[in-house]
Amino acid sequence: MAHQYHPLGFEGSRIAQGYWRLAEWGMNDQELLSFIEQSITAGITTVDHADIYGDYQCESLFGRALALKPSLRDKLQIITKCGIKLPSKNRPEITSHRYDQSVQHILQSVDNSLQNLKVDHIELLLLHRPSPLMDADHIAEAFEHLHTIGKVRHFGVSNFNAQQFDLLQSRLEMPLLVNQVELSPLELKHFEDGTLEHAQQHAVTPMAWSPFAGGDMFRLEGINPTLFKALTEVSEAHNASLDQIALAWLMRHPSGIAPVIGSGSIERVLSAQQAQSIELSDDQWFAIWVASKGHPVP
Ligand SMILES: NC(=O)c1ccc[n+]([C@@H]2O[C@H](COP(=O)([O-])OP(=O)(O)OC[C@H]3O[C@@H](n4cnc5c(N)ncnc54)[C@H](OP(=O)(O)O)[C@@H]3O)[C@@H](O)[C@H]2O)c1
């Protein structure tokens, strides 16, 4: 790619595989192992988890599959998240749905994740959401401790605005490497609220969650026919699929967006990986922008 990309500070792949929906895929351990292996072979080596995914089950499902072939561990860069508490039959001690960014919760959450994933460290820990009660000193204390004892190599955040990011960064010696936010041709908010400019200024990698708007992009004809037409025209010009164009559109942005895809279909994952070779012209980029905005640029 000709455009600037900060490679996540730990040589992660440009496109990451998200495992939020893993519990819905209905794969047994062997099938999941095969999915992970094929993704790695294709070059998608960064995997995105969170403690709460799948009602706290996704990390364990992944860990069980990985344990069938432990040599794969060193080929992966594992991201997980913490900071949300979700009442669940799998966590009977949690009684309310809220944020918890206390030192104790962060440390306990990482221990649970390591145990579930069956690994001794993770490459990147993200604070899942900003909290109105965020105490940057407490978070920094937890992060520094996890780094010192080697359980977490790098840190970042998710769904943070620039001020929240700067506050936490101001208490840390280590650079926060990532801000994972929702970005897609259907979700333009963070293109315009300073998040991506802030990321560029501070060499932070913006990771794009739900790059296909959680699947709405494939129902676009009914949701936003104008955007569907624009994406279709660009797809035809590149002999590519809609999802490839959506990813190429994100990766064309100068902040070096790293998409996190969420498909459980290996064919779709392999197709997504090919999007890295598609270069959109500025005309094509703006055709999609204008169609999504619903009006010409001012
Ligand atoms: N940090 C955060 O707050 C946050 C929030 C949400 C998500 N995430 C991360 O982002 C990842 C991706 O999110 P997402 O799953 O919403 O991403 P997405 O890629 O926007 O949507 C995935 C959905 O689209 C469907 N899909 C993909 N390609 C398709 C195609 N060609 N035709 C029809 N349907 C298609 C998938 O179904 P199939 O499986 O059938 O392909 C799946 O249901 C998550 O796994 C998670 O790791 C982070």
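In this report, we go over the structure that sits alongside the text. (Residues numbered from 1 in each chain as written. Predicted model: local features only at pLDDT ≥ 70, side-chain atom pairs only at ≥ 80, totals over all residues. Heavy atoms only, no water.)

Overview of the side chain of Lys85
On the secondary structure map, Lys85 appears in strand E4 (residues 84–85). Once you skip the residues sitting within four places of it in the chain, Lys85 turns out to touch Tyr56, Ile94, Ser96, His97, Arg98, Asp100 and His105. (Helix = DSSP H or I, 4+ residues; strand = E, 2+ residues; numbered from the N terminus. Contact = heavy atoms within 4.5 Å.)

A word on the site of the ligand
Close contacts around the ligand come from 27 residues, with Arg21, Asp48, Ser210, Ser263 and Arg268 the closest. Arg21 is positioned with one of its side-chain polar atoms (N or O) 2.6 Å from an oxygen atom of the ligand. Within the backbone of Phe212, a nitrogen or oxygen atom sits 2.8 Å from an oxygen atom of the ligand. Taking 910 Å² as the accessible area of the ligand by itself, protein coverage stands at 85%. Tallied by class, residues from the shell around the ligand come to 10 nonpolar, 11 polar and 6 charged. (Near = heavy atom within 4 Å. Polar contact = N/O pair within 3.5 Å; in protein donor to acceptor, adjacent residues only side chain to side chain. Areas by Shrake-Rupley, 256 points an atom, 1.4 Å probe, with all protein chains shown as cover. Nonpolar A, V, L, I, M, F, W, Y, C, P; charged D, E, K, R; others polar.)

Thoughts on the pairing of strand E8 (residues 176–182)
Among the 7 residues of E8, 6 are classified as buried, and the element is accordingly described as predominantly covered. Taken together, the 3 bridges between strand E7 (residues 152–158) and E8 define a ladder with parallel strand orientation. Paired with Phe155 across the strands is Leu176, a residue of E8. For the crossover that starts at E7, traverses helix H6 (residues 162–170) and ends in the parallel E8, the hand is right-handed. Two elements, E8 and strand E9 (residues 205–209), share 5 bridges in a ladder whose sense is parallel. The residue bridging Glu182 from the neighbouring strand is Trp209, located in E9. (Buried < 20%, exposed > 50% of the residue type's maximum accessible area, 1.4 Å probe, protein only. Pairing = 2+ DSSP bridges. Right-handed = clockwise from strand over helix to strand, strands pointing away.)

Things to note about the packing of aromatic side chains
By the definition in use, this model includes 13 aromatic pairs. Ring plane angle 40 degrees and centroid distance 6.3 Å describe the contact between Trp20 and Tyr53, whose orientation is recorded as tilted. Highlighted residues: Trp20 in the loop between strand E1 (16–18) and helix H1 (29–42) and Tyr53 in helix H2 (residues 53–56), separated in sequence by 33 residues. With relative accessibility at 46%, the residue Trp20 sits in the partly exposed group. Under the relative-accessibility criterion, Tyr53 is labelled buried at 11%. A centroid spacing of 5.2 Å and a plane angle of 55 degrees characterise the contact between Phe191 and Trp249, whose relative ring orientation is tilted. Of the two residues, Phe191 sits in helix H7 (residues 189–192) while Trp249 sits in helix H11 (residues 242–251), which places them 58 residues apart along the sequence. On the accessibility criterion, Trp249 (0% relative accessible area) is buried. One aromatic cluster is present, built from ring pairs that chain together Phe191, Trp249, Trp285, Phe286 and Trp289. (Phe/Tyr/Trp six-rings, centres within 6.5 Å; stacked < 30°, edge-to-face > 60°.)

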